[in-house]
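Structural overview for review
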Amino acid sequence: MEEEARKLLEEGIRKKLISPGKAELPTFATGTKVVFHYRTSRCDGKVLDDSRKMGNHSKPMELILGKKFKLAVWERVVVTMRPGEVSEFTCDTKHTALYPLVSQSLRNISAGKDPLEGQRHCCGIAQIHSHHSLGHKDLDELQANPQPLVFTIELLEALPPGSFQLDVWAMNDKEKLELVPQIHEEGNVLFKQGRVNDAMEKYYNGIACLKNLQMKEHPGDEAWLKLDHMITPLLLNYCQCKLLQGQYYEVIEHCTSLLFKYDDNVKALYKRAKAHAAVWNEREARADFAKVLELEPSLEPSVAKELRIMEEKIRIKDKEEKDRYKGLFRAPSATAMTVSPAKNVPQ
């Protein structure tokens with residue numbers, strides 16, 4: 001153990017054992033799946049991330065050793081741990097430069113967003129040296145001022161190769177591309193069964209797979225466009241799930257991004273129109289519904305029904321607001337303005 005600590009120190013990593021594990025040290029062969037909780041802090045004690053609290057749930061991190069995870073230092077430190085062990089690793093800046101990008105992806109995942117959202121089509125180092133915002137003030141500060149970080153890690157388990165089903169993110173490009181149609185179909189089956197959350201997770205995984213592959217292609221190239229056309233139906237299905245969950249602003253955001261590229265996509269227009277109607281954006285909803293009818297006149301009965309629903313909701317809302325504020329600005333009555341004569345007032 002002392003020899004391993006010395007090696008780590010030479011590499012710019014200081015290990016502090018907090019709680020020893022009870023099991024034997026695993027062999028950590030290539031392909032081993034490690035599952036662990038982590039807390040990331042600056043050296044001044046400010047916590048940046050905590051896997052037990054991200055997204056209001058306690059979901060541990062999973063890595064497959066040898067898959068070249070972007071933050072290589074995590075692979076380096078976990079192989080020094082026993083299952084059940086809790087240790088603190090203070091890592092020099094050379095090990096933490098890419099943490100802002102890793103954190104952004106993990107935060108996106110915990111919030112149910114695209115893990116690659118906000119990341120440019122360039123390598124990690126290029127992104128670090130750009131002035132592109134990561135959407136989080138603390139990560140922007142860290143990106144602008146790289147510094148040592150402290151990772152407090154609890155290793156939950158280490159599963160040897162072949163003892164578990166390979167997760168999508170750990171597959172190679174060919175395996176991912178072949179799996180997407182299966183994921184899509186599984187999502188459709190779950191949706192028909194009324195299992196909206198499970199279906200949405202399938203669609204999300206399919207989108208994440210394709211986005212990951214798309215990042216390796218040049219925007220606009222044939223391969224990039226082919227992947228984008230595969231993403232579109234998955235994203236539309238994902239938006240349908242979000243509509244049913246009442247996540248209207250997210251539907252508007254995703255559909256708008258689709259329509260920016262494919263302005264004649266009737267399904268994206270229709271879903272965005274419904275989302276606009278749900279959040280009282282009457283003008284925007286009517287504009288989208290009008291465009292739907294222009295592109296697909298056969299949808300007139302469906303559009304008319306949605307417009308009636310929107311108009312009725314607006315009518316009820318207006319009436320409730322009028323009732324709520326009725327009399328609020330009415331002039332005071334003459335009786336209310338009369339001042340009663342003073343009684344028992346000392347002269």
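As shown above, the structure is provided for reference.
My aim in this report is to walk through the structure given alongside it, one point at a time. Source: prediction; values computed, not measured.

Structural notes on the overall build of the protein chain
Each helix and strand counted, the protein chain has 14 helices and 6 strands in total. By residue count, 39% of the 347 residues in the protein chain fall in the buried class. Once local pairs closer than 6 in sequence are excluded, the contacts in the protein chain between residues at least 24 apart make up 70%. Total accessible area computed for the protein chain in this model is approximately 20300 Å², and 54% of it derives from carbon and sulfur atoms.

Re the pairing of strand β5 (residues 86-91)
The element β5 is largely enclosed, with a buried count of 5 among its 6 residues. Of the strand pairs in this sheet, strand β1 (residues 13-19) and β5 are connected by 6 bridges, and their pairing is antiparallel. Along β5, the bridge assignment pairs Ile13 with Cys91. Pairing between β5 and strand β6 (residues 149-159): 6 bridges, direction antiparallel. Within the sheet, the bridge partner assigned to Cys91 lies in β6 and is Leu149.

Some details on the packing of aromatic side chains
What describes a pair of aromatic rings is the distance from one ring centre to the other and the angle between the planes of the rings. With the rule as written, the count across this model stands at 8 aromatic pairs. Each ring, one from Tyr99 and one from Phe151, has its centre 5.7 Å from the other, and the planes form 50°; the classification is tilted. Taken together, the positions of Tyr99 in helix α4 (residues 99-110) and Phe151 in strand β6 put the pair 52 residues apart, joining distant regions of the chain. An identical accessibility class is assigned to Tyr99 and Phe151; each is buried. Over the aromatic face of Trp280 sits the side chain of Lys317, whose NZ or CZ is 5.1 Å from the ring centroid.

Brief notes about the packing of α4 against helix α6 (residues 137-144)
Here α4 crosses α6 at 160°, and the two axes come no closer than 9 Å. By the angle class used here, α4 and α6 are roughly antiparallel. Seen along the crossing, α4 lies across α6 with a hand that is left-handed. Judged by residue contacts, Tyr99, Pro100, Ser103, Gln104 and Arg107 of α4 engage Asp138, Leu139, Leu142 and Gln143 from α6.

Details of the packing of helix α11 (residues 266-278) against helix α12 (residues 282-295)
The interhelical angle for the contact between α11 and α12, taken along N-to-C directions, is 155°, at an axis separation of 8 Å. On the basis of their axis angle, the class for α11 and α12 is roughly antiparallel. Considering the relative orientation of α11 and α12, their crossing is left-handed. Residues Val266, Leu269, Tyr270, Arg272, Ala273, Lys274, His276 and Ala277 of α11 touch α12, and the partners they reach there are Glu284, Ala285, Asp288, Phe289, Lys291, Val292 and Leu295. Its residues assigned to classes, the contact of α11 with α12 shows 9 nonpolar, 1 polar and 5 charged.

Some words on the pattern of salt bridges
Inspection of every chain in the model, using the stated rule, returns 24 salt bridges. Here Asp49 makes a salt bridge to Arg107, at a shortest N to O gap of 2.8 Å. Here Arg107 lies in helix α4 and Asp49 lies in strand β3 (residues 47-50), a separation of 58 residues in the sequence. Look at Asp49 and you get buried, because its relative accessible area is 3%. Among the salt bridges present, the one from Asp173 reaches Lys216, with a minimum N-O distance of 2.8 Å. In this pair, Asp173 sits in helix α7 (residues 173-192) while Lys216 sits in the loop between α8 (196-214) and α9 (222-245), placing the two residues 43 residues apart along the sequence.

Considering the state of the cysteines
By the definition in use, this model includes 0 disulfides. Left without a disulfide partner, Cys43 is nearest to the cysteine sulfur of Cys91, which lies 9.4 Å away. Take Cys239: it sits in no disulfide, and the sulfur closest to it among the cysteines is that of Cys255, at 4.0 Å.

Quick notes on the environment of Asn281
Relative to the elements of secondary structure, Asn281 occurs in the loop between α11 and α12. Excluding residues that lie within four positions of it along the chain, Asn281 makes contacts with Ile252 and His276.

With respect to α7
Taking 1.5 Å of rise per residue, the 20 residues of α7 would be expected to cover 28 Å, and the 29 Å separating its terminal C-alpha atoms lies within 8% of that figure. Taken as a whole, α7 carries its principal kink of about 35° at Leu179; the proline Pro181 stands between one and four residues after it. Every buried residue of α7 is accounted for by Lys176, Leu179, Val180, Ile183, His184, Gly187 and Leu190. Buried residues belonging to α7 abut α8 and α9. Two residues or fewer past α7, Gly194 is found with a positive phi of approximately 85°.

Examining unusual backbone geometry
Although it is not a glycine, Phe28 sits at a positive phi angle of roughly 55°. Position of Phe28 among the secondary structure elements: in the loop between β1 and β2 (33-42). On the basis of relative accessible area, Phe28 is assigned to the buried category, the value being 12%. Not every positive phi belongs to a glycine, and Trp280 is a case in point at roughly 70°. Positionally, Trp280 belongs in the loop between α11 and α12. With a relative accessible area of 40%, Trp280 lands in the partly exposed category.

Conventions used here
- Residues numbered from 1 in each chain as written.
- Predicted model: local features only at pLDDT ≥ 70, side-chain atom pairs only at ≥ 80, totals over all residues.
- Heavy atoms only, no water.
- Helix = DSSP H or I, 4+ residues; strand = E, 2+ residues; numbered from the N terminus.
- Buried < 20%, exposed > 50% of the residue type's maximum accessible area, 1.4 Å probe, protein only.
- Contact = heavy atoms within 4.5 Å.
- Areas by Shrake-Rupley, 256 points an atom, 1.4 Å probe, with all protein chains shown as cover.
- Pairing = 2+ DSSP bridges.
- Phe/Tyr/Trp six-rings, centres within 6.5 Å; stacked < 30°, edge-to-face > 60°.
- Lys NZ or Arg CZ within 6 Å of the ring centre and 35° of its normal.
- Axes fitted to C-alpha atoms, helices over the stretch in contact; angles between N-to-C directions.
- Parallel < 35°, antiparallel > 145°, perpendicular 65-115°, else oblique.
- Left-handed = near helix turned anticlockwise from the far one by under 90°.
- Nonpolar A, V, L, I, M, F, W, Y, C, P; charged D, E, K, R; others polar.
- Salt bridge = Lys/Arg side-chain N within 4 Å of Asp/Glu carboxyl O.
- Disulfide = S-S within 2.5 Å.
- Expected span 1.5 Å × (residues − 1).
- Bend = angle between axes of the 7 residues up to and from the residue.

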